[in-house]
Amino acid sequence: MSLVTFLSDYGLQDEYVGVCHGVILSRAPRAQIIDITHCVPPQQIATGALLLAAALAYMPPAVHLAVVDPGVGAVGADARRAVAIACVAQEGTRPHYLVGPDNGLLLPAARRLGAIAEVVEIGDSRARIQPTSATFHGRDIFAPVAGALAAGARLEQLGEPLAPELLVELPPAARPARAAGALRATVLQIDAFGNLTFDLAPQALEELSLELGAEVVIEAPGRSDRTPAKAGLRARVGRTFADVPAGDAILHVDSRNLLALAINRGSAAQALAVGNGTQLLIRPAHPARARAPRRR
Amino acid sequence: MSLVTFLSDYGLQDEYVGVCHGVILSRAPRAQIIDITHCVPPQQIATGALLLAAALAYMPPAVHLAVVDPGVGAVGADARRAVAIACVAQEGTRPHYLVGPDNGLLLPAARRLGAIAEVVEIGDSRARIQPTSATFHGRDIFAPVAGALAAGARLEQLGEPLAPELLVELPPAARPARAAGALRATVLQIDAFGNLTFDLAPQALEELSLELGAEVVIEAPGRSDRTPAKAGLRARVGRTFADVPAGDAILHVDSRNLLALAINRGSAAQALAVGNGTQLLIRPAHPARARAPRRR
Amino acid sequence: MSLVTFLSDYGLQDEYVGVCHGVILSRAPRAQIIDITHCVPPQQIATGALLLAAALAYMPPAVHLAVVDPGVGAVGADARRAVAIACVAQEGTRPHYLVGPDNGLLLPAARRLGAIAEVVEIGDSRARIQPTSATFHGRDIFAPVAGALAAGARLEQLGEPLAPELLVELPPAARPARAAGALRATVLQIDAFGNLTFDLAPQALEELSLELGAEVVIEAPGRSDRTPAKAGLRARVGRTFADVPAGDAILHVDSRNLLALAINRGSAAQALAVGNGTQLLIRPAHPARARAPRRR
């Protein structure tokens, strides 16, 4: 039995996701499909790439279908490619396949899964549904190719070879600049609990000499027109939510190994009134003390 | 391995959908279930019928369970029937089965799947769960019958024969009247991107002599108490979202082969402040030019 | 083929649910997974317990993974246990397994499934993912143990024995006190239709001598800061929604066998402006008549 995972920004209120399941199972009746999420904020490629990479680290070898595709159907100079990628973690292991638009969505996950062994361009794949719609390549191109791979087709049967170095990269995130003893953090994702995941690796804490138990202040560096944030939430550096009393905020390394802010039994997103993409500042509450050398 | 698809207006915040899965798999342990969507707006039979018909066109032969059922449990003169329908696309192919309330939800999909070969009334089916609740026939009648079919039962074992011509039709939609050089369009569905699907076939564009690239104005014909719409959004007739600059509106034929309005990298629903059922007018921006004969 | 059911408060906007599916299928590639719901209100253990117990009554023997876990990762005196429980409905039948935090979430379902035959503590299970995160035990402890059980592992291989009587109970709900000829009802859950499920068994109707057709008034007993409720909605005691005209309210026994309030083709939650946890009063509209003895 072969496995297909599926991530998109299609939302759940329409038949879009179910139709893609039907197309996959028409081609690979024995496949099992895991829905990673379909609630990536519409057309937010970077968020989709983050969630995809975080999820695939825990998946067995599979065909991974991912569609966040604002450029669907464009032709000519604006056209984005449609691609299928084979990744091999180490010689002798079964490959992972990634199928989706070539807009940066797939690359962070591909790199985490292992070396990119082969890429094909599938925009004109003979596996696609014809006539091909201009607005739903998930159904008409990506799902059929994913289904064919799950049914045992070889990559080279499904498209034209493409040099891996031609794959499109995500625009680099604004580097989290250190600003006058503080760290600039961008909210990458907000979960159902209102926890905020930042674009900062755990090492960022060391840059500010912040250890477990240290106190920080989370500030809105300025007003954004779309999501004005309230300023000055105090938080403690900790391991898990319950390290602070209910209602208190905690800065921790989350399950994706990124820096994150939560309120124990509450919602950090609500407390700060922030949204995806909001920029915040993380500042030691007691800079001198935080920087003092400490024994371990 | 047999396939069951499932559409409803149950939403996802309760155990309703999962319970129906359990009931199906209790009867057909090897079945595979595709959730088409469970976020049909509550009790909107016409929207459910639209999404079901759009989805089933892409499904392999299967048992299709669909429940949008405002009349659940009513008795006497108000009672709606519960039915299971066999459709055969062409002789010699495996049938599709449809299971659900006889309130118009199933018929558009049945017609698209092929000739209706057989119908049974299943309100008193021996497959049902007893005692049968008055409010959750999805769990107690429809899912057990769907599970029995997936396990190989024959239709005539599951209910009493019913003449297909007795099946209830949806009330016909108000005919999209042409009004003073404009088309009246009703919003049938709004997707996660804020794209609006209208009750208009692609031929409607020809009625207004609108070709690719033509400019139109989308107007609210009057005030609705529930969803007052803003007036006068300009849009261009095109193939896909990226045919216009980000933020601009595009009138196109969507993946369900219906006329639809989108804003490239934006939300048409937000821009027009409309909801399901809102009526709009589509009017050529330059009537004279749009109507001029053009060479192809 | 073995079955795993899965309930949580993870929501659907992240990769959390999909990752757990991946972890389960890594260990039990032939398992089938039913998602009961992942939209339990964040950290509401009592609501999760209600939905879990309601769902499991309709599930075949399976491994039931359930995670509503505000205390995840706490250590020392605050630590909650992680447990796996075997329940046997009657001798000779296949057991159900429950896997999750020991915070009261699992016990109501366990009791409904049958006698608790065996419990193990799995916080240090050799099946867990290491290093184990402090915030996502669903992925790192509970899903691996559920997957191992689905793959055929025995309970005693997965943790340390624990006496069943040490399992943590939910705090008892405030007893629905009778208040001056009225019943106090707490809203336990609101579904997609706006139907309100109360913490009252069907017998509550008898306490007020309310029979089918009787009229009641639903009142907000006082102002709650968070969800002020409007007062004085009239409803009729009935069997199903269609027993009253569209727009009218009906007090009925719902599909979970609890007292519930609905508005036919409308939303009781909207009409009363209530939320989960709101307390209401149910009062006979005509106390004298309602209490009069009636022939059956």
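Computed from a predicted structure; not experimentally measured.

What follows deals with the relation of the copies chain A and chain B. Relative to chain B, chain A is turned by 120° and slid 0.0 Å along the rotation axis, the superposed coordinates differing by an RMSD of 0.0 Å. Look at the turn and shift together and you get a three-fold axis relating the two. Every residue of chain A has its C-alpha some distance from the rotation axis, and the shortest such distance is that of Gln32(A), at 4.9 Å. Residue by residue, only 9% of the interface of chain A is reproduced at the interface of chain B, so the copies engage with different surfaces.

All names here are of chain A. Burial along strand 12 (residues 233–237) is one-sided: Leu233, Ala235 and Val237 are buried, and none of Arg234 and Arg236, which face the opposite way, are. With four bridges joining them, strand 11 (residues 215–219) and strand 12 adopt antiparallel strand pairing. Within strand 12, the residue paired with Val216 across the bridge is Ala235. Taken together, the three bridges between strand 12 and strand 13 (residues 249–253) define a ladder with parallel strand orientation.

Contacts between the two partners involve 33 residues from chain A and, on the opposite side, 31 residues from chain B. A buried area of about 2600 Å², summed over both sides, lies between chain A and chain B, and 57% of it is on carbon and sulfur atoms. One can count two salt bridges joining chain A with chain B. When the shortest N-O distance is used, the salt bridge between Arg256(B) and Glu15(A) registers 2.7 Å. At the junction of chain A and chain B, the tally comes to 12 residue pairs in polar contact (both at pLDDT 80 or more). Mapped by element, the contributors of at least two residues to the side of chain A that touches chain B are helix 1 (16–27) and helix 4 (137–150) of chain A.

Here we take up the confidence of the model for chain A. All names here are of chain A. Model confidence for chain A is summarised by a mean pLDDT of 90, while 91% of its residues fall at 70 or above. Under a pLDDT of 50 for its full length, residues 290–296 has, in the predicted model, nine contacts with residues more than four places off or in other chains. Scoring the predicted complex yields pTM 0.92 and, for the interface, ipTM 0.91.

This part covers the environment of Ala185(B). Residues and elements named next belong to chain B. For Ala185, the location among the structural elements is in strand 9 (residues 182–190). A relative accessible area of 0% means that Ala185 is categorised as buried. For the pair Ala185 and Leu200, spaced 15 residues apart in the sequence, the C-alpha separation amounts to 6.7 Å. Apart from residues lying up to four places away in sequence, Ala185 is in contact with Phe198, Asp199, Leu200, Thr278, Gln279, Leu280 and Ile282.

Contact residues are listed per partner, giving 33 residues for chain C and 31 residues for chain A. The largest per-residue losses of area from chain C upon contact with chain A belong to Gln13(C), Glu15(C) and Thr135(C), which jointly make up 22% of the total buried on that side. The interface formed by chain C and chain A holds two salt bridges in total. For the interface between chain C and chain A, the tally reads 12 residue pairs in polar contact (both at pLDDT 80 or more). Every element with two or more residues in the side of chain C that touches chain A is listed here: helix 1 (16–27) and helix 4 (137–150) of chain C. Of all the elements, helix 1 of chain C adds the most residues to the side of chain C that touches chain A, at eight residues. For the side of chain C that touches chain A, the residue count by class is 17 nonpolar, 11 polar and five charged.

Its rotation angle being 120°, the transformation that places chain C on chain A also includes 0.0 Å of axial translation and leaves an RMSD of 0.0 Å. The fraction of interface residues of chain C whose copies in chain A are also interface residues is only 9%, indicating that the copies meet through different surfaces.

Before going further, it helps to examine the pattern of salt bridges. A full pass over the atoms with the stated rule returns 30 salt bridges over all chains. One salt bridge connects Asp14(C) with Arg256(A), and the closest N-O pair in it is separated by 2.8 Å. Linking Asp14(C) in the loop between strand 1 (3–8) and helix 1 with Arg256(A) in the loop between strand 13 and strand 14 (259–263), this pair reaches from one chain into another. Accessibility assignment for this pair places Asp14(C) and Arg256(A) in one class, buried. Here Arg239(B) and Asp243(B) are joined by a salt bridge, their closest N and O atoms 3.6 Å apart.

Turning next to the packing of aromatic side chains. For any pair of aromatic rings, geometry is given as the distance between the ring centres together with the angle between the planes. For the structure shown, the criterion picks out 12 aromatic pairs over all chains. Aromatic pair Tyr10(B) and Tyr16(B): ring centres 6.0 Å apart, planes at 75°, arrangement edge-to-face. The same class applies to Tyr10(B) as to Tyr16(B), namely buried. The rings of Phe6(A), Tyr10(A), Tyr16(A) and Phe136(A) are connected pair by pair, giving a single aromatic cluster.

A few words on the sheet that holds strand 7 (residues 160–161) of chain B. Residues and elements named next belong to chain B. Pairing is mixed across the open sheet formed by seven strands, whose spatial order is 2-1-3-5-4-6-7. Only two strands of the sheet have a single partner each, and these edge strands are strand 2 (32–37) and strand 7. Strand direction decides the pairing type here: strand 4 (residues 82–88) and strand 6 (residues 115–121), joined by six bridges, are antiparallel. Bridging across to strand 6, Ala84 finds its partner in Val120. Each of strand 1 (3–8), strand 3 (63–67), strand 4 and strand 5 (96–101) is contacted by helix 4 (residues 137–150), which is oriented at about 170° to strand 3, the strand it contacts most.

Here we take up the sheet that holds strand 4 (residues 82–88) of chain A. All names here are of chain A. The sheet built from seven strands is open, its strands ordered 2-1-3-5-4-6-7 with mixed pairing. Every interior strand has two partners, whereas the edge strands, strand 2 (32–37) and strand 7 (160–161), have only one. Running at roughly 170° to strand 3 (residues 63–67), helix 4 makes contact with strand 1 (3–8), strand 3, strand 4 and strand 5 (96–101) of the sheet.

It is worth spelling out helix 1 (residues 16–27) of chain B at this point. Residue and element names in this part refer to chain B. Between its first and last C-alpha, helix 1 extends 17 Å over 12 residues, near the 16 Å set by a 1.5 Å rise per residue. When you tally the buried positions in helix 1, you get 10 out of 12 residues, the bulk of the element. When helix 1 is considered as a whole, its buried residues turn out to be Tyr16, Val17, Gly18, Val19, Cys20, His21, Gly22, Val23, Ile24 and Leu25.

Remember that side chains alternate between the two faces of the sheet whenever the strand is regular. All names here are of chain B. Across four bridges, the pairing between strand 9 and strand 15 (residues 279–284) is antiparallel. Looking at strand 15, one finds that Ala185 is bridged to Leu280. As defined by bridge partners, strand 11 (residues 215–219) adjoins strand 15 across four bridges and the pair is classed as antiparallel. Residue pairing in the sheet places Val216 in a bridge with Pro284 of strand 15.

Quick look at helix 2 (residues 45–56) of chain C now. Note that an α-helix has 3.6 residues per turn; residues three or four places apart therefore point the same way. Residue and element names in this part refer to chain C. Taking 1.5 Å per residue, 12 residues should reach 16 Å; helix 2 reaches 16 Å between its end C-alpha atoms and fits that length. Among the 12 residues of helix 2, 11 are classified as buried, and the element is accordingly described as predominantly covered. Regarding helix 2, the residues found buried are Ile45, Thr47, Gly48, Ala49, Leu50, Leu51, Leu52, Ala53, Ala54, Ala55 and Leu56.

Here we come to the environment of Asp78(C). Residues and elements named next belong to chain C. Mapped onto the fold, Asp78 is located in the loop between strand 3 (63–67) and strand 4 (82–88). Overall, Asp78 belongs to the exposed group, its relative accessible area being 60%. Separated by 132 residues in the primary sequence, Asp78 and Leu210 place their C-alpha atoms 46 Å from one another.

What follows covers the side chain of His64(A). All names here are of chain A. Inspection of the secondary structure puts His64 in strand 3. A relative accessible area of 0% places His64 in the buried class. Not counting residues up to four positions away in its chain, the partners in contact with His64 are Thr5, Leu56, Met59, His96, Tyr97, Leu98, Val99 and Leu113.

What counts and what doesn't
Counting restarts for each chain, with residues numbered from 1 along the sequence as it is written. In the order they appear in the text, chains get letters beginning with A and ligands get numbers beginning with 1. A pLDDT threshold of at least 70 governs which residues receive local features in this predicted model, and a stricter bar of 80 or more applies before side-chain atom pairs are shown or counted, although totals over entire chains, interfaces and linings include all residues. Side-chain figures throughout are based on the complete set of non-hydrogen atoms in the structure, without hydrogens or water. When the copies are superposed, the least-squares fit takes in the C-alpha atoms of residues with a pLDDT of at least 70 in both. The contact criterion used is simple: two residues touch if any of their non-hydrogen atoms lie within 4.5 Å. For the exposure calls, accessible area comes from a 1.4 Å probe over protein chains only, and a residue counts as buried if that area is under 20% of its type's maximum, exposed if over 50%, partly exposed in between. Where helices and strands are cited, they refer to DSSP runs of H or I of at least four residues and of E of at least two residues respectively, numbered from the N terminus. For two strands to pair, DSSP has to find at least two bridges joining them. A 1.4 Å probe defines the accessible area here, and the buried area is the portion of it lost by two parts on being joined, summed over both. Here a salt bridge means any side-chain nitrogen of Lys or Arg lying within 4 Å of a carboxyl oxygen belonging to Asp or Glu. In the analysis that follows, any N or O atom pair within 3.5 Å is treated as a polar contact, provided that within protein one partner can donate a hydrogen and the other can accept it, and provided that, for residues neighboring in sequence, both atoms belong to side chains. pLDDT expresses how confident the predictor is about each individual residue, on a scale running from 0 to 100. Polarity classes work like this: nonpolar for Ala, Val, Leu, Ile, Met, Phe, Trp, Tyr, Cys and Pro, charged for Asp, Glu, Lys and Arg, and polar for all others, with Gly in that last group. Note on aromatic pairs: the rings of Phe, Tyr and Trp (six-membered ring only in Trp) are paired at centre separations within 6.5 Å, and the planes decide the class, stacked below 30 degrees, edge-to-face beyond 60, tilted for the rest. Note on geometry: axes are lines fitted to C-alpha atoms, helical ones only across the stretch in contact, with angles between N-to-C directions running from 0 to 180 degrees. Between the first and last residue of a helix there are one fewer steps than residues, each counted as 1.5 Å, and that sum is the expected span.

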